Amino acid sequence: MSVVKKLLVGKFTYRDRPKFNPIQRRILNIRAIWNNDHQYDNGIEKIVRLFLSSSQLLFPGVYIKYLACKIGHEYQDLAMDVYVLAKMALPWTILIYGWQHHQILLILMIYMLLETVFYIPTLIFASDLFVRPRSYKRSMLLLFFNYIEIVVAFGVLYTLGDNMNKPFTHWFDAVYFSLVSANSIGFGDYYPMTTYGKILVSIQAMFFLSFVLLFLNFFSTKVKSKGYFDNEESE
């Protein structure tokens, strides 16, 4: 049991324990933006920052972290790892098993997708009181899983109706089209024919160009470059 705990939880000290639980910190973050404690913004900038910070209270992530705190602060990261993987697995499951017509699953997928879509700009523009992560590399890894979630979730949305110039013959065709659309490649073998399909492609392209690339640049400057050979003694 100790081996499993060391593998999944890692090293956790008393200094790592946060002063406030995730819900309290989220409320304090909203209050700090409202009172201009860290940035003297106003108008549309302040409205957007307040909206982004408040939006996270509408989704399960912060409450999952809160429940994990009740067990132990060291389990927060593990709980979020499981949650992010579950969010990533849901659209894959819908596509592979052809469950696009189950409305409850689709609503749940879109709900979780919105959480991811709002969470990324929140970290950039409305993180006045966010604590520094224990590992920026872990944050980058979770971002990669979020990237996969969004790509596959849009793939599910592309399969709703006859929106393409030709039907998808395999479930991975939708993922393929979503991936090339997100990266603005567009080989031309698949392209949207309906207004719904064109709107989806436009939203996906705008999101990745304006948020994901910016977020990658935001985090990449904070990742330590230490490697395996830094501890070698010089000859």
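Note that this is a predicted model, so its numbers are computed, not measured.

Draft legend 1. Representation of the overall build of the protein within the structure. Scanning the protein from N- to C-terminus turns up 9 helices and 0 strands. Counting from the amino terminus, helix and strand elements in the protein follow one another as α-α-α-α-α-α-α-α-α. Out of the 235 residues belonging to the protein, those deemed buried represent 39%. The contacts of the protein with a sequence gap of at least 6 include a subset with a gap of at least 24, amounting to 72%. In the form shown here, the protein has an accessible surface area of approximately 14,700 Å², with 64% of it arising from carbon and sulfur atoms.

Draft legend 2. Expanded view of the layout of surface pockets. Its volume calculated, the second largest pocket comes out at about 260 Å³. Taken together, 12 residues make up the lining of the second largest pocket; nearest its centre are L113, L114, V117, F154 and I203. Broken down by class, the residue content of the lining of the second largest pocket amounts to 11 nonpolar, 1 polar and no charged.

Draft legend 3. Molecular detail of helix α4 (residues 60–71). Across its 12 residues, α4 extends 17 Å between first and last C-alpha, which sits within 8% of the 16 Å expected from 1.5 Å per residue. Structurally, α4 contributes buried residues whose contacts are with α2 (22–34), α5 (76–97) and α6 (103–125).

Draft legend 4. The arrangement of the packing of aromatic side chains in detail. Overall, the coordinates contain 13 aromatic pairs when judged by the stated rule. Arranged with centres 5.8 Å apart and planes meeting at 80°, the rings of W92 and W171 form a pair that is edge-to-face. Of the two residues, W92 is situated in helix α5 and W171 in helix α8 (residues 171–182); the sequence distance between them amounts to 79 residues. A centroid spacing of 5.1 Å and a plane angle of 25° characterise the contact between Y97 and W99, whose relative ring orientation is stacked. Y97 sits in the exposed class, given a relative accessible area of 56%. Looking at W99, the relative accessible area reads 34%, which means it is partly exposed. By the ring-pair criterion, three or more aromatic residues cluster together here, those being F154, Y158, F168, Y176, F177, F187 and Y190. Taking NZ or CZ as reference, K46 lies 5.2 Å from the ring centre of W34, over its face. Here the basic side chain of K166 rests over the ring of Y190, its NZ or CZ set 5.0 Å away from the ring centre.

Draft legend 5. Region of interest: the packing of helix α7 (residues 136–158) against α8. With their axes 8 Å apart at the nearest point, α7 and α8 run at an angle of 120° to one another. Comparing their axes, α8 and α7 come out oblique. Of the two possible hands of crossing, α7 and α8 adopt the one that is right-handed. Contacts between α7 and α8 involve Y147, V151, V152, F154, G155 and Y158 from the former and A174, V175, F177, S178, L179 and S181 from the latter.

Draft legend 6. Structural context of the nonpolar core. Core analysis: the biggest nonpolar cluster contains 35 residues, and M109, F154 and F177 have the highest contact counts within it. In terms of residue count, α7 provides more of this core than any other element does, 12 residues in total. With sequence-adjacent residues up to four places away left out, F177 is seen in contact with Y158, M164, F168, Y190, Y191, P192 and V201. I30, I33, L50 and L52 belong to the second largest nonpolar core, which has 5 residues in total.

Draft legend 7. Structural detail: the UniProt feature "transmembrane region" (unreviewed entry) in the protein. UniProt records the feature "transmembrane region" (unreviewed entry) for residues 47–66, 78–99, 105–129, 141–161 and 199–219 in the present numbering. Secondary structure within residues 47–66 divides into 80% helix and 0% strand; the distance between the first and last C-alpha atoms comes to 26 Å.

Draft legend 8. Molecular detail of a nonpolar patch on the surface. A cluster of nonpolar side chains, contributed by I96, Y97 and W99, occupies part of the molecular surface with about 330 Å² of accessible area. Tracing the backbone through its elements, the reader meets I96 in helix α5. A relative accessible area of 43% means that I96 is categorised as partly exposed.

Draft legend 9. Main features of the pattern of salt bridges. All chains considered together, the criterion is met by 4 salt bridges. D41 is the salt-bridge partner of R49, the closest N and O atoms lying 2.5 Å from each other. Each member of the pair, R49 as well as D41, carries the same accessibility label: buried. The shortest N-O distance in the salt bridge between R138 and D77 comes to 3.9 Å. Of this pair, R138 sits in helix α7 while D77 sits in helix α5, placing them 61 residues apart in sequence. A relative accessible area of 23% places R138 in the partly exposed class. With relative accessibility at 23%, the residue D77 sits in the partly exposed group. What you see here is one network of salt bridges that share partners, running through D77, D81 and R138.

Calculation notes
- Residues numbered from 1 in each chain as written.
- Predicted model: local features only at pLDDT ≥ 70, side-chain atom pairs only at ≥ 80, totals over all residues.
- Heavy atoms only, no water.
- Helix = DSSP H or I, 4+ residues; strand = E, 2+ residues; numbered from the N terminus.
- Buried < 20%, exposed > 50% of the residue type's maximum accessible area, 1.4 Å probe, protein only.
- Contact = heavy atoms within 4.5 Å.
- Areas by Shrake-Rupley, 256 points an atom, 1.4 Å probe, with all protein chains shown as cover.
- 1 Å grid on protein atoms, 1.4 Å probe; cavity = no way out; pocket = protein on both sides within 12 Å on 5 of 7 lines; lining within 4 Å.
- Points joined across faces, edges and corners; volume = space filled by probe spheres on them.
- Nonpolar A, V, L, I, M, F, W, Y, C, P; charged D, E, K, R; others polar.
- Expected span 1.5 Å × (residues − 1).
- Phe/Tyr/Trp six-rings, centres within 6.5 Å; stacked < 30°, edge-to-face > 60°.
- Lys NZ or Arg CZ within 6 Å of the ring centre and 35° of its normal.
- Axes fitted to C-alpha atoms, helices over the stretch in contact; angles between N-to-C directions.
- Parallel < 35°, antiparallel > 145°, perpendicular 65-115°, else oblique.
- Left-handed = near helix turned anticlockwise from the far one by under 90°.
- Core = buried A, V, L, I, M, F, W, Y, C linked by side-chain atoms within 4.5 Å.
- UniProt positions renumbered as here; feature names shortened; annotations may be inferred.
- Patch = residues over 30% accessible without salt bridge, like charges linked within 9 Å, V, L, I, M, F, W, Y side chains within 5 Å.
- Salt bridge = Lys/Arg side-chain N within 4 Å of Asp/Glu carboxyl O.

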